[in-house]
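# Commentary on secondary and tertiary structure
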Amino acid sequence: MTKILVTGSLGFLGQHLTRELRGCGHEVYGADLTHSANLSYLRADVADHGQLASAFNRFVPELVYHLA
């Protein structure tokens, strides 16, 4: 099992990729501009270094899919 961060996780591609990765047994976290109540998600603008750093510090991913 790999800890994965998906930026743009609430977009069309991000939603499908996140679902597929979780189905394969990975621990998947998301970051996007849209708000979500999901605990494995963080609202973050990847263009803002501080917000992106927060996502990395909170989830400590081993792999990142950048779809934002």
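Whatever comes next refers back to the structure up there.
The following paragraphs examine the structure supplied in this document.

Criteria and cut-off values
- Residues numbered from 1 in each chain as written.
- Predicted model: local features only at pLDDT ≥ 70, side-chain atom pairs only at ≥ 80, totals over all residues.
- Heavy atoms only, no water.
- Core = buried A, V, L, I, M, F, W, Y, C linked by side-chain atoms within 4.5 Å.
- Buried < 20%, exposed > 50% of the residue type's maximum accessible area, 1.4 Å probe, protein only.
- Helix = DSSP H or I, 4+ residues; strand = E, 2+ residues; numbered from the N terminus.
- Contact = heavy atoms within 4.5 Å.
- Expected span 1.5 Å × (residues − 1).
- Arc of directions from axis to C-beta.
- Polar contact = N/O pair within 3.5 Å; in protein donor to acceptor, adjacent residues only side chain to side chain.
- Pairing = 2+ DSSP bridges.
- Axes fitted to C-alpha atoms, helices over the stretch in contact; angles between N-to-C directions.

## Let's talk about the nonpolar core
Core analysis: the largest hydrophobic core is formed by seven residues, namely Leu5, Tyr29, Ala31, Leu42, Ala44, Ala55 and Phe59. Counting residues per element, the ones that place at least two in this core are strand S2 (27-32) and helix H2 (49-59). Excluding its chain neighbours within four sequence positions, the residues that come into contact with Ala55 are Leu5, Leu42 and Val60.

## Quick word on helix H1 (residues 12-23)
Along an α-helix, a turn takes 3.6 residues, which lines up residues three or four apart on a common side. Under the 1.5 Å per step criterion, the end-to-end length of H1 is 17 Å for twelve residues, consistent within 8% with the ideal 16 Å. What H1 keeps buried is the set Gly14, Thr18 and Leu21. For H1, the angular spread of buried residues about the axis comes to 70°, placing them on one side. Exposed side chains of H1 directed beyond 90 degrees from the buried face belong to Phe12, Leu13, Arg19, Glu20 and Gly23. Contacts made by the buried residues of H1 are with strand S1 (3-7), S2 and strand S4 (63-66).

## Points about the side chain of Ser9
Its location among the elements puts Ser9 in the loop between S1 and H1. Here Ala31 takes part through its backbone nitrogen, which lies 3.4 Å from a polar atom of the side chain of Ser9. Ignoring anything within four residues of it in the chain, the contact list for Ser9 reads Gly14, Gln15, Thr18, Gly30, Ala31, Asp32 and Tyr41.

## Remarks on unusual backbone geometry
Of note in the backbone geometry, Val60 takes a positive phi value of approximately 45° without being a glycine. With respect to the helices and strands, Val60 occurs in the loop between H2 and S4.

## What to know about the sheet that holds strand S3 (residues 41-43)
Read across the sheet, four strands follow the order S3-S2-S1-S4 without closing on themselves; strand pairing throughout is parallel. The open sheet is flanked by S3 and S4, the only strands paired with a single partner. The sheet shows a mean angle of 20° between the axes of neighbouring strands, taken without regard to direction. Packed onto the sheet, H1 meets S1, S2 and S4 and runs at close to 170° relative to S1. Strand contacts of H2: S1, S2, S3 and S4, with the helix running at about 165° to S3, the strand carrying the most contacts.

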